[in-house]
Structures are given as structure tokens and as C-alpha cells.
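The primary structure of each chain is shown beneath.
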Amino acid sequence: MYTIAALYHFTRFADPAALREPLLGLCRAQSVKGTLLLAQEGINGTIAGPRAGIDAVLAHIRALPGCADLDWKEATADHPPFGKMKVRLKKEIVTMGQPDIDPRARVGNYVEPEDWNDLIRSDDVVVIDTRNDYEVAIGTFEGAIDPETASFRDFPAWWEENKDRFHNKRVAMFCTGGIRCEKSTNFLLGQGVEDVYHLKGGILRYLEEMPAEDSTWQGECFVFDNRVSVGHGLVEGPHNLCHGCRRPILPEDMKRPEYEHGVSCHQCINETSEADKMRFRERQKQIQLARLRGQTHLGID
């Protein structure tokens, strides 16, 4: 079994670049794979590997400046969720494009999963899904508003256009693991919204802790690894990933005429040019050749 750890932490890194190589080297030495993002505002990412390897990497991260109280969420998988390890330097660990946002200063009121249902069913509460449109498409909370944003960077503009709809309302927001809400609640507080709430630990913690029979969650939750989606108990869902557009698709979607493995699906068939598709086909060909070489090296035919 592989242990999966999803984490984020807002802290001040004076020199994120200096942290990259030691962290990457440790992950590789411990057979840990996935993606970690480093920026001056902190660290974010999801990693997977053997239990001992994950423990070693988490201990290393907790020893970084300001990370002693690092929190993370765990799951397991019976196959490798990631193919390689990447540690990337970014301007933001989750991109909102608002330079004045600082979740270390203040955020909305955290709501525990067991209290979430009562909150979002209140008449004076509006519930907003802060995730991207393709994530919302496969699952969300009952009654939640979908901003239909293509990226988190679009959220501030959406709020400006729609804020009058929520006058005199308490605002509850949620996202996959909680990181986007750290920024979105700070943003709303800065916009003068007084009563702002967000689901502590995000959808993942809710699905882990809330029994399905008591849940207000509908559908599956998109995750950024090879599981693609999870349901209650963080059980792997039915979705695959279109490697042309990186959107989730169901097995029956792979039988549609628009689907070509590694190239396109019914959602993106008209979004890319023929030149793009040729490039994707070549990429897929190289992936297959690399796999074949690996099998040959291992003596597999």
C-alpha cells in the first residue's frame, strides 16, 4: 500500500529556492513521488510513497521555518498515485493573483465537518464552491453555488460581479483540502464581509469523517493524482483523466467517438487544433515507448 499525504502550510520562507534541492533529494531517496510547491508564502502539495518515506519527508517539512504545526491529510492507494517527484518554485502556492492576500493575518471561521451540514442548511447562509468548473462538475454540496470559474484566479472578479446577491448573508465556502478557502475567506474579509466560514480540512476531511448516510455531499471529489476522484471514506471513484485536457471522465466517456487516449475527449475535442492533437499523439507514443523500454529492462514481455 502507498501512503498519500496532502498538505499545505502558510508561513514565510525568505529563500524558497534554497529549500528545493534538499527536499527533492530526500523525497527521491525515500521513494516518495508527487508534487510540492514552494513560495515565499509557504508550501503546498500532495506526495505518496512508503509509510517510512512519507514520515521522513513530513518530519523534514515540519523542521522548516514556521512549519512545526504543519497539518496534513492522509489516504492510501494500492497503486502508485504519481509517476515522478517534482518540487517547484512558485510565486504563490495556490494562485489567486491578489498580492495583498495574507491568510496568516486572518481567515474565516473554521467549521468542523460534523457542524457543516447544519451551517449550510441555515436560511441566512449562502454556500460557495471555490473550485474550478471541471471539479464542481463531478460533485459538490447540495445547494452550493458554482461560480463556473476556469481557475482560482477568476474568483475575485466573479465575487465583484455577484456580491450584491449575497447582501446580509453569511458566506460559507469550501474547497478540496482547505487551501483555497484560506485565501478566499481572507479576500472576503478584506472586502468587508463580516460573517465568513469555511470547511476545516476541506471536502477530503468531510468525506473521510462524515458517514455517507448523513452526508450532504453529492457525487465525487476530484483529486490531483492518479486516483482522479474519491468518494466517502476516500474510496477511489470511477473517474479517469483525459490527458488532453486534464479533466475527469467516466469509463463510458472513453467509448465515445471523440475520445482518443492521451489526445482528446468529448469535452476538449473542439478546444485544440490538429497541430495540438498531433503533438499529443507524439507525446503518447513516447510514453508508450518509455514504458516498453522499462518492461524490457525488467525482463517483461
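A quick note: this is a predicted structure, and the numbers were derived from the prediction, not measured.

Peer 1: Describe in detail helix α1 (residues 16–29), supporting the description with residues and values.
Peer 2: One turn of an α-helix holds 3.6 residues; hence residues three or four places apart share an orientation. The end-to-end C-alpha distance of α1, which contains 14 residues, comes to 21 Å, matching closely the 20 Å that a straight helix rising 1.5 Å per residue would cover. Summarising the contacts, the buried residues of α1 are in contact with β2 (33–39), β3 (42–49), α2 (51–62) and β5 (85–89). Ser31, located one to two residues past α1, shows a positive phi value of around 60 degrees.

Peer 1: Account for the nonpolar core, with residues named and values stated.
Peer 2: Trp116, Phe141, Phe174, Tyr206, Leu207 and Trp217 are the most contacted members of the largest nonpolar core, which has 26 residues in total. For this core, the secondary-structure elements that each account for two or more residues are β4 (71–77), α3 (113–120), β7 (125–129), β9 (170–174), β10 (196–199) and α7 (202–209). Residue contacts for Trp116: discarding those within four places in its chain leaves Val111, Val127, Phe141, Ala172, Met173, Phe174, His198, Leu199, Tyr206 and Thr216.

Peer 1: An account of the packing of α3 against α7 is requested, with residue identities and associated values reported.
Peer 2: Between α3 and α7, the shortest axis-to-axis distance is 9 Å and the interhelical angle comes to 105 degrees. Judged on the interaxial angle alone, α7 and α3 are roughly perpendicular. Contacts from Pro113, Glu114, Trp116 and Asn117 of α3 reach α7 at Arg205, Tyr206 and Glu209. Each residue belonging to the contact of α3 with α7 can be placed in one class, and the counts come to three nonpolar, one polar and three charged.

Peer 1: So what about unusual backbone geometry? Which residues, and what values?
Peer 2: Its identity as a non-glycine residue notwithstanding, Glu148 has a phi of 60 degrees, on the positive side. Tracing the chain through its elements places Glu148 in the loop between β8 (139–141) and α5 (155–162). Positive phi, close to 65 degrees, is recorded for Arg246, a residue that is not glycine. By the element assignment, Arg246 lies in the loop between β14 (240–241) and β15 (248–249).

Peer 1: Please set out the packing of α1 against α2 residue by residue, giving values where relevant.
Peer 2: Interhelical geometry of α1 versus α2 gives an angle of 165 degrees and a closest axis separation of 9 Å. Here α2 runs roughly antiparallel to α1, going by the angle between their axes. Like other packed secondary-structure pairs, α1 and α2 cross with a definite hand, here right-handed. Along its contact with α1, which presents Pro22, Leu23, Leu26 and Cys27, the element α2 presents Ala56, Val57, His60 and Ile61. Tallied by class, the residues present in the contact of α1 with α2 amount to seven nonpolar, one polar and no charged.

Peer 1: How would you summarise the pattern of salt bridges if you had to cite specific residues and measurements?
Peer 2: Going through the model one piece at a time under the given rule, you end up with 20 salt bridges. A salt bridge links Arg20 to Glu21, with the shortest nitrogen-to-oxygen separation between them at 2.4 Å. With a relative accessible area of 25%, Arg20 lands in the partly exposed category. The class for Glu21 is partly exposed, based on a relative accessible area of 49%. Of the charged contacts in the structure, one is a salt bridge between Arg281 and Glu260, with a shortest N-O distance of 2.8 Å. Highlighted residues: Arg281 in helix α8 (residues 274–297) and Glu260 in the loop between β15 and α8, separated in sequence by 21 residues. Residue Arg281 is classed as partly exposed on the basis of its relative accessible area of 29%.

Calculation criteria
- Residues numbered from 1 in each chain as written.
- Predicted model: local features only at pLDDT ≥ 70, side-chain atom pairs only at ≥ 80, totals over all residues.
- Heavy atoms only, no water.
- Helix = DSSP H or I, 4+ residues; strand = E, 2+ residues; numbered from the N terminus.
- Expected span 1.5 Å × (residues − 1).
- Contact = heavy atoms within 4.5 Å.
- Core = buried A, V, L, I, M, F, W, Y, C linked by side-chain atoms within 4.5 Å.
- Buried < 20%, exposed > 50% of the residue type's maximum accessible area, 1.4 Å probe, protein only.
- Axes fitted to C-alpha atoms, helices over the stretch in contact; angles between N-to-C directions.
- Parallel < 35°, antiparallel > 145°, perpendicular 65-115°, else oblique.
- Nonpolar A, V, L, I, M, F, W, Y, C, P; charged D, E, K, R; others polar.
- Left-handed = near helix turned anticlockwise from the far one by under 90°.
- Salt bridge = Lys/Arg side-chain N within 4 Å of Asp/Glu carboxyl O.

Honestly, it's all geometry; don't read function into it.
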